[in-house]
Amino acid sequence: MVALSENVALAAEPRRARSAPSPIADRIFHLSAYASALLVLLVLAGILASIIYGGWPAFQTFGPGFITSSAWNVGREEYGALVAIIGTLVSAVLALLIGVPISLGIAIYLTQLCPGWARRPVAMTIELLASVPSIIYGMWGLFVFAPLFARFVQVPVSNLVEGLPIVGTLLYAQVPSGVGVLTAGIILAIMIVPFVASITRDMLDQIPTVLRESAYGIGCTTWEVVRHVLLPQASVSIIGAIMLGLGRALGETMAVTFVIGNANRLSASIFDPGSTIASRIANEFNEADGMQLHALLALGCILFVVTFIVLIIARLLVRRVKVA
């Protein structure tokens with residue numbers, strides 16, 4: 001009876017009239033949002049303009065040969081970006097080949113197979129890897145992982161494949177020191193796993209439960225549910241996560257600088273040292289002057305273009321998946 005009286009009293013109270021929208025406040029909100037979006041574009045344009053301006057003398061002096069040449073001689077003022085470009089692409093591709101299957105496996109395990117009591121601790125542990133500074137990964141890779149990798153992987157594999165065609169070239173280390181392009185790829189794979197796994201897990205969690213329950217109801221196994229229900233539903237988001245990891249791998253600097261060997265030479269073996277665009281800039285930028293500085297800024301411009309191309313490819317893949 002008391003509750004009924006309270007409801008009647010509340011219903012009897014006059015409702016407050018909705019105040020008319022303020023055109024000034026709406027205009028301020030519109031301008032603020034527009035300015036925020038415009039600020040990002042202006043910053044991006046400023047960064048791009050500055051590196052193009054700084055690197056233009058190198059492009060003007062060396063022409064297309066700057067991209068196709070592997071020479072990098074500071075004393076003779078000879079600079080080429082081919083070694084750094086190939087090292088950047090190869091290490092990033094190796095990171096994807098190693099890290100993406102592991103990330104997908106982690107996401108599937110957390111959403112389909114992991115017990116409820118262990119799901120949160122495992123997920124938090126994976127996400128904590130993303131907060132580790134890149135220089136820590138580099139130091140761990142150089143002082144801990146590289147010696148073990150040289151002793152238990154490079155030396156046995158090199159002895160096994162020495163003299164064999166193709167494989168003997170691809171997996172033979174002339175100096176098994178532990179550092180090299182493959183080592184950089186492995187460290188990069190460890191670094192991108194938290195990003196790809198977390199995004200993929202969130203997307204799999206958002207798939208309606210009725211879809212997987214219907215698949216289980218008609219007799220599908222867990223593999224069939226994952227293959228034919230979950231992955232197709234989350235394919236667009238998974239592609240986005242992979243491209244995010246690729247962008248992280250392409251631009252990583254400190255960790256790669258520690259473990260790639262920083263050698264300016266082309267080698268068919270992924271065990272041999274190499275260099276990336278980011279590692280070369282990090283090693284030489286502080287002492288660079290004159291044409292060397294222009295060449296380093298030109299490398300930064302090339303890295304920007306490569307990242308932009310990756311973004312375009314990601315958009316095209318996402319569009320094709322949506323259409324299909």
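Residues numbered from 1 in each chain as written. Predicted model: local features only at pLDDT ≥ 70, side-chain atom pairs only at ≥ 80, totals over all residues. Heavy atoms only, no water.

Moving on, we come to the packing of aromatic side chains. Taken as a whole, this structure holds seven aromatic pairs when the rule is applied. Their ring planes at 80° and their centres at 5.9 Å tell us that Phe149 and Phe271 sit as a pair that is edge-to-face. Linking Phe149 in helix α6 (residues 134-161) with Phe271 in the loop between α12 (254-259) and α13 (277-284), this pair joins segments that are 122 residues apart in sequence. The pair formed by Phe149 and Phe271 is uniform in burial state, with each residue classed as buried. One aromatic cluster is present, formed by Phe59, Phe62, Phe66, Trp72 and Tyr79 through successive ring pairs. For Arg280, the ring lying beneath its charged end belongs to Trp72, and the centroid distance is 4.7 Å. (Phe/Tyr/Trp six-rings, centres within 6.5 Å; stacked < 30°, edge-to-face > 60°. Helix = DSSP H or I, 4+ residues; strand = E, 2+ residues; numbered from the N terminus. Buried < 20%, exposed > 50% of the residue type's maximum accessible area, 1.4 Å probe, protein only. Lys NZ or Arg CZ within 6 Å of the ring centre and 35° of its normal.)

In this model helix α5 (residues 116-128) runs 19 Å from its N-terminal to its C-terminal C-alpha over 13 residues, within 8% of the 18 Å that 1.5 Å per residue would give. Residues Ala118, Ala123 and Ile126 constitute the buried set of α5. Seen end-on, α5 carries its buried residues on one side only, within an arc spanning 130°. The outward face of α5, more than 90 degrees from its buried face, is lined by the exposed residues Trp117, Arg120 and Leu128. The elements touched by buried residues of α5 are α4 (82-113) and α8 (181-205). (Expected span 1.5 Å × (residues − 1). Arc of directions from axis to C-beta. Contact = heavy atoms within 4.5 Å.)

Turning next to the confidence of the model for the protein. Of all residues in the protein, 92% attain a pLDDT of 70 or more, and the chain-wide mean is 88. In this model, residues 8-12 is a region of pLDDT below 50 whose contacts with residues beyond four sequence positions or in other chains number zero contacts. (pLDDT = per-residue confidence, 0-100.)

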